[in-house]
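Residue-level structure breakdown
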Amino acid sequence: KETIITGIRDVALGGDHTLVLGSNGNVYAFGKGGDGQLGLVGKPFVSAPVKSSRLSENGVSAICAIKACSVTLDQNGSIKKKVGKCNASNIFKIK
């Protein structure tokens, strides 16, 4: 099944994964996900964009992909959700 993403607002490239933010707040993920960074349960690799139920929600304004971590941000730059291996060494604070 092909996923068509309309109204792309943001794209983030991680170490081995990619996130795409649609205008409706849905986050789509693909690439390596063995550490949970895609927000898809039981998916170590996805070759085409799939909606991430763990990252998609109202109020997502931006996305960030860092190594094996994915982050969604609100309009103030505050972190809404983190998935994957997100620790102090690979997450930064946005001010």
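Per chain, residues are indexed from 1 in the order of the written sequence. Only residues with pLDDT of at least 70 get local features here, since the model is predicted, and only at 80 or more are side-chain atom pairs given and counted; chain-wide, interface and lining totals rely on the full set of residues. Note: side-chain values were computed over all heavy atoms of the structure, leaving out hydrogens and water.

Let's shift gears to the pattern of salt bridges. Any Lys or Arg side-chain nitrogen located within 4 Å of an Asp or Glu carboxyl oxygen qualifies as a salt bridge. For the structure shown, the criterion picks out two salt bridges. In this structure, K81 and E57 form a salt bridge, with 4.0 Å as the shortest nitrogen-oxygen distance. Of this pair, K81 sits in strand β7 (residues 79-84) while E57 sits in the loop between β4 (45-51) and β5 (62-66); the two residues are 24 residues apart in sequence, bridging distant segments of the chain. A run of H or I in DSSP becomes a helix once it reaches four residues, and a run of E becomes a strand once it reaches two; helices and strands are each numbered from the N terminus.

In plain terms, two cysteine sulfur atoms within 2.5 Å form what is called a disulfide here. One pass over the full model with this rule turns up one disulfide. Disulfide pairing is shown between C69 and C86; the S-S distance is 2.0 Å. Between C69 and C86, the S-S torsion sits near 100°, and that sign places the bridge as right-handed. Pair noted here: C69 is in strand β6 (residues 69-73) and C86 is in the segment after β7, with a separation of 17 residues, a long-range link. Remark: exposure states derive from per-residue accessible area (1.4 Å probe, protein chains only) relative to the maximum for the residue type, with buried under 20%, exposed over 50%, and partly exposed in between. Classification of C69 as buried rests on a relative accessible area of 0%. A relative accessible area of 22% means that C86 is categorised as partly exposed.

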